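# Topology and contacts: notes
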Amino acid sequence: MTSEWLTPPTRTELIENLVSGVDRYNPSNVGILEDYLYHQIRSEEYDCLANLAILKLYQFNPDLYNPDVVINILIKALTAAPLPDFNLCISLLDERSINAQLDEPDPLPTVLPILKGLHNLLFRCRFPAFWEIYQSSQLENLRDNYTVEVAGFENAIRAVAIRAVRATFTRISSERLGSYLNLSESELPTYIQKLGWTVDSSTGVVTIPPNPDNQIEATVVQESVKLPRACCVPCKYETC
């Protein structure tokens, strides 16, 4: 997983050269990286390092700053939870210059606290609360203007929940799993089938296949430590 994070298989040679070489600090390349971000949005791909390169260019060149690009980067980073991608992005925003010249009011100060709150819920695995807040009327602007443009956003959030469930449970009720995934009773069986999981129709209990994270195995560690013998007082016996 680390190798895919560093070098996603969908990254082109051009982007690889920009991200890995000195050209990542060339402001003339920001348009290429922004286009690549929108490609990610349309195609359900994700490349954290390329997106971080955009934010770093915005730091060094405040005149390039585009708040919509920043918001889209943060939205994509949400889908990587519990990886630290979102916080990495935030760390680059903290030093963003306030001198950027914009034709319209900057939406980021309004949207950023919302995204931080959503990330906090995902990080703490409070998935039902996430869906409740995300679908509330207060976040209508976020849905209508941003996440609607991100292909597969809700499924990507469901993937976050699935990673947590797979690492934590061996059995879980259908009702609880449905609340984590924001799926109705009629939608859930198809989703479970795609995962390759099984559900007991009589009890509604979903069985998660064994994996290294959800299997508890006792480990006994034995250590043999040899200490040199020492006498407190001089001894006349050589074998002491």
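Structural data are supplied above this passage.
Residues numbered from 1 in each chain as written. Predicted model: local features only at pLDDT ≥ 70, side-chain atom pairs only at ≥ 80, totals over all residues. Heavy atoms only, no water.

## Some remarks on the overall build of the chain
- Each helix and strand in the chain was counted, giving twelve helices and three strands.
- Taken over the C-alpha trace, the chain has a radius of gyration of 25 Å; the compact-globule value for 240 residues is 18 Å, which it surpasses by more than 25%.
- Counted over contacts in the chain with a minimum sequence separation of 6, partners at least 24 positions apart contribute 65%.
- Carbon and sulfur atoms make up 52% of the accessible area of the chain, which amounts to about 14,800 Å² in all.
- The average position of the 19 basic charges and that of the 30 acidic charges among the side chains of the chain differ by 12 Å. (Helix = DSSP H or I, 4+ residues; strand = E, 2+ residues; numbered from the N terminus. Rg over C-alpha atoms; globule rule 2.2 N^0.38 Å. Contact = heavy atoms within 4.5 Å. Areas by Shrake-Rupley, 256 points an atom, 1.4 Å probe, with all protein chains shown as cover. Lys, Arg positive; Asp, Glu negative; His and termini not counted. Charge placed at Lys NZ, Arg CZ, Asp CG, Glu CD.)

## Comments concerning unusual backbone geometry
- Put simply, alanine 81 and proline 82 share a cis peptide bond, and its omega is 5°.
- In this structure, proline 82 sits in the loop between helix H5 (67-78) and helix H6 (85-93).
- Positioned with a positive phi, glutamate 44 is a non-glycine residue whose angle comes to about 65°.
- Summarising the element assignment, glutamate 44 is placed in the loop between helix H3 (30-43) and helix H4 (48-60).
- In this structure, asparagine 182 is a non-glycine residue whose phi angle is positive, near 55°.
- Locating asparagine 182 in the fold gives a position in the loop between helix H11 (174-181) and helix H12 (188-195).

## Here we look at the side chain of glutamine 40
- Counting through the fold element by element, glutamine 40 comes out in helix H3.
- We classify glutamine 40 as buried; its relative accessible area is 0%.
- Ignoring anything within four residues of it in the chain, the contact list for glutamine 40 reads Glu45, Tyr46, Asp47, Asn51 and Lys76. (Buried < 20%, exposed > 50% of the residue type's maximum accessible area, 1.4 Å probe, protein only.)

## Considerations on the packing of helix H10 (residues 153-168) against H11
- Between H10 and H11, whose axes approach to 9 Å, the crossing angle comes to 140°. Taken together, the axes of H10 and H11 lie oblique to each other. Touching Arg158, Ala161, Ile162 and Val165 of H10 are Leu177, Tyr180 and Leu181, all from H11. (Axes fitted to C-alpha atoms, helices over the stretch in contact; angles between N-to-C directions. Parallel < 35°, antiparallel > 145°, perpendicular 65-115°, else oblique.)

## Concerning H6
- Among the residues making up H6, those that are buried are Asp85, Phe86, Cys89, Ile90, Leu92 and Leu93. What you see down the axis of H6 is that its buried residues fit within an arc of 160°, all on one side.
- Summarising the contacts, the buried residues of H6 are in contact with helix H1 (2-6), H4, H5 and helix H7 (108-123). (Arc of directions from axis to C-beta.)

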